[in-house]
Amino acid sequence: MKNALLRLRESCASLSPAEQQIARFITDNPEEATLLTVRELAQRTFTSPSSVVRVCRSVGFDGYKELRRALVGELAALGETGRHPEQELTAGDSVHEIIQKVTRKNIQSLSDSQRLLTPETVEQCAHLLDACRSVLLFGLGSSLLVAHDTYLKFLRIDKPCVVNDDWHSQLLSARNATGQDVGIVFSYSGQTVEVIECMKAMKANGAPLIAVTRYYPSEVAKLADYNLYIAANESLFRNGAMSSRLAQLNAVDILYTAYASLHYEDTLRKLTLTHIYKPGEPEDAAP
């Protein structure tokens, strides 16, 4: 089932002002929206039926009827768990309130991201990694931290992987790539200029690309062959990269586990071989 509310919420920023008005009305009044015709919705939002249809198509639906059907199913399936009104941090918040708000935001980000990931795409990406010569990782800022985590995971099970802290080094890796390599790109915004340059270099060399990015018609999403979409409303502190980082790490955990499970016994053997024992740790502590 397509997630109408989530797709509208994540794509809202990319829409025109009139289309944003339609998307916000639906996400703020989902039950009412399921009862309105396309003309009635246009009247309620002071827009036009054609604008309503454009919004629907921009988030992956053929038209308003399909979106409305998906909305009905989504509300029935999620109930109150599908609602998460914004809880902004304020200057007067106590530490207890900060703990609650940040934790709820992170939990909701993981839950929303789960609804955006499709098993078919994850499986295709796992087989792509299994067949490739090496994995090249790209990302800047907090996304680079996720790339490093990915590197360590695949290093333990002896999958050749490359990560560079310097953007110029990342670009050189991309330009040296071949069709036997796979690139994994991390960019929540989907608009990171340096990462896009690396992707273009990879594409020019015929190397397939996997992007871990938000559900949004971005340049990163367009260039990627496979998209592992994540959801993360960073409105608590928009530049803090908190829930988006957790959502990216969760996507990596899923992809890594799907890849490792293709060779289950061999993976266990490699994890045991690469386990670094700590002082006083029993010998049977390795996985």
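Everything quoted here is computed from the prediction, not taken from an experiment.

*Asks:* So what about the pattern of salt bridges? Which residues, and what values?
*Replies:* Taken as a whole and judged by the stated rule, the model has twelve salt bridges. Glu32 is the salt-bridge partner of Arg44, the closest N and O atoms lying 2.1 Å from each other. In this pair, Arg44 sits in helix α4 (residues 38-44) while Glu32 sits in helix α3 (residues 30-33), placing the two residues twelve residues apart along the sequence. On the basis of relative accessibility, which here comes to 42%, the residue Arg44 falls in the partly exposed class. Classification of Glu32 by relative accessible area gives partly exposed; the value is 27%. In this structure, the salt-bridge partner of Arg269 is Asp266, at a minimum N-O distance of 2.7 Å.

*Asks:* Break down unusual backbone geometry for me, with residues and values.
*Replies:* In this structure, Phe46 is a non-glycine residue whose phi angle is positive, near 55 degrees. When you line up the elements, Phe46 lands in the loop between α4 and α5 (49-58). Given the relative accessible area of 74%, Phe46 is considered exposed. For Asp158, which is not glycine, the phi torsion reads 65 degrees and is therefore positive. Considering the arrangement of structural elements, one finds Asp158 in the loop between α9 (142-156) and β2 (161-163).

Calculation criteria
- Every chain is numbered independently, its residues counted from 1 as its sequence is written.
- In view of the model being predicted, local features appear only for residues whose pLDDT reaches at least 70, and side-chain atom pairs are presented and counted only at 80 or more, with totals across whole chains, interfaces and linings using the full set of residues.
- As a rule here, side-chain values come from all non-hydrogen atoms in the structure, and water together with hydrogens is ignored.
- In the sections that follow, a salt bridge refers to a side-chain nitrogen of Lys or Arg positioned within 4 Å of a carboxyl oxygen of Asp or Glu.
- For helices the rule is a DSSP run of H or I covering at least 4 residues; for strands it is a run of E covering at least 2, with both sets numbered from the N terminus onward.
- Each residue is assigned to one of three classes by its accessible area relative to the maximum for its type, calculated with a 1.4 Å probe on protein chains only: buried under 20%, partly exposed between the two thresholds, exposed over 50%.

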